[in-house]
Every structure is written in C-alpha cells, then in structure tokens.
Amino acid sequence: WETPHTLLPDYLTVDKSGTTAITVTRPHPAMPEDVSQNSKMILWNLEDGSIRQEIDLDYVVGEVQFVPDSVDPIKAVTGWQDGVALWDMEAGVVSAVYGASSDTSQVAITPDSRYIFSVDADGQLIQWDFESGEVVMTQSIGVGSEVFEVEPTKMWIATGYNEKDIAIWNYD
C-alpha cells in the first residue's frame, strides 16, 4: 500500500490483532511551495491494504498509539499542539484534548487504558488519567526526551533523556 508521493510517513502503529494500522504523514520537503499538501492521518485495513479513513490535518500531530481493545469505534491518542489528543478514528475527529504547556510529540498508553504518558517540548513527562484527562504526575526529564515504551506487567515506563540515557519509571 502507498501514501501519495507528496507525503512522507512520520509515524506508524499497528493494533495488537495485526489487522489495522495508523500512519501519520507530513508533506515532502522537496515539494514546490505552490503545491498545497497537508499532513494526513490514515487508518489502514492491513488485510487488504485499503484505506478505512483518511484525515487531513492542518497541524502536525506527534506519535500515534492505538487505545488498547478499542474496536467500535477504534480510538487512538496522538501528540498534539499543546497536549495530547484522543481520536475517534472511524469518524475522523478529535473526541478529547488533554492540555499541556507546550507541543507534545511523544505518547504512550498503558495496556489497561488507565493512563496516557506524554513528553512535551519543555521536557515534562506527564501522566494523564485516561478517563478524566486529569494530570496524575509531572516530572521534568529534560528537553529532547522521549517516551519509549510502557511495560505491561510491571507498571513501568521507559523514557530516553539527555540524548544518551534511559530511565525506568514505576507509574502505579
């Protein structure tokens, strides 16, 4: 399957069943300025390569992650301008926004969907309550830090910081 030649894939995530994927694309930097092309978020059917939903974006979203066990509708979280966005992927709309102090590119969600983690441009690791959108915890981990992975059985999250270090956090 292909995205239009004017777009470059930025992020890709696949659901745990392996049948659905989401890509986030951005305009190709070599495109002439007179060609208008927005970023897109695309929901794919991996069984036949078809596009289930294509969402034009007039802003840049960060990393995308499926909400575990969301089926009808399929939900996803993304980094967002000044926070985290919860998407209804079937309808192609944002259903909730959790605000932060600066742009957010990195997100992760716990396997039980209790918490969302994000790192914003100011280097703040933020733990969000998924249902209420309330901030549970913030920790300064440095500009340029990233959320890598949520470990499902030990309640740990791994982050990268200082461009060379990895930290393991207990989030429960």
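Residues numbered from 1 in each chain as written. Predicted model: local features only at pLDDT ≥ 70, side-chain atom pairs only at ≥ 80, totals over all residues. Heavy atoms only, no water.

(A) Geometry of the overall build of the protein chain. Helix and strand counts for the protein chain come out as zero helices and 15 strands. Split into buried and exposed, the 172 residues of the protein chain put 44% on the buried side. A separation threshold of at least 6 residues defines the contact pool for the protein chain, and within that pool the share at least 24 residues apart is 32%. Of the accessible surface of the protein chain, which amounts to about 9000 Å², a share of 48% is contributed by carbon and sulfur atoms. (Helix = DSSP H or I, 4+ residues; strand = E, 2+ residues; numbered from the N terminus. Buried < 20%, exposed > 50% of the residue type's maximum accessible area, 1.4 Å probe, protein only. Contact = heavy atoms within 4.5 Å. Areas by Shrake-Rupley, 256 points an atom, 1.4 Å probe, with all protein chains shown as cover.)

(B) The sheet that holds strand 8 (residues 93–99), seen in detail. Judged by pairing direction, the sheet is antiparallel, and its four strands sit side by side in the order 5-6-7-8 without closing on themselves. Among the strands making up the open sheet, the edge pair consists of strand 5 (64–66) and strand 8. Taken over all neighbouring pairs, the strand axes of this sheet differ in orientation by 25° on average, direction set aside. Of the strand pairs in this sheet, strand 5 and strand 6 (residues 75–80) are connected by three bridges, and their pairing is antiparallel. Residue pairing for strand 6: Q65 is matched across the bridge by V77. (Pairing = 2+ DSSP bridges. Axes fitted to C-alpha atoms, helices over the stretch in contact; angles between N-to-C directions.)

(C) Summary view of the environment of E47. Within the fold, E47 resides in the loop between strand 3 (39–45) and strand 4 (51–57). A relative accessible area of 64% places E47 in the exposed class. Separated by 27 residues in sequence, E47 and T20 place their C-alpha atoms 7.9 Å apart.

(D) Seen up close, the nonpolar core. Among the nonpolar cores identified, the biggest contains 16 residues, and I22, M41, L57, V61, W87 and M89 are the most heavily contacted of them. Mapped onto this core, the elements with two or more residues apiece are strand 2 (20–27), strand 3, strand 4, strand 5, strand 6 and strand 7 (83–88). Discounting chain neighbours no more than four positions away, the residues touching M89 are I22, M41, L43, Q53, I55, I74, K75 and A76. Counting eleven residues, the second largest nonpolar core, distinct from the first, contains V67, V77, L86 and I116. (Core = buried A, V, L, I, M, F, W, Y, C linked by side-chain atoms within 4.5 Å.)

(E) Main features of a nonpolar patch on the surface. Taken together, the side chains of W156, I166 and I168 define a hydrophobic patch exposed on the protein surface, amounting to about 320 Å² of accessible area. Within the secondary structure layout, I168 lies in strand 15 (residues 165–170). (Patch = residues over 30% accessible without salt bridge, like charges linked within 9 Å, V, L, I, M, F, W, Y side chains within 5 Å. Salt bridge = Lys/Arg side-chain N within 4 Å of Asp/Glu carboxyl O.)

(F) Quick peek at the confidence of the model for the protein chain. Here the protein chain shows a mean pLDDT of 76. Residues at 70 or above account for 77%. Of all the helices and strands in the protein chain, strand 1 (residues 7–14) carries the lowest mean pLDDT, 66, while strand 12 (residues 135–140) carries the highest, 88. (pLDDT = per-residue confidence, 0-100.)

(G) Looking closely at the pairing of strand 12. Of the pairings in the sheet, the one linking strand 11 (residues 124–129) to strand 12 comprises five bridges and is antiparallel in character. Within strand 12, the position partnered with Q124 by the bridge is S140. Once strand 11 ends, the chain turns through five residues before running back antiparallel as strand 12, passing G133 with a positive phi of about 80°.

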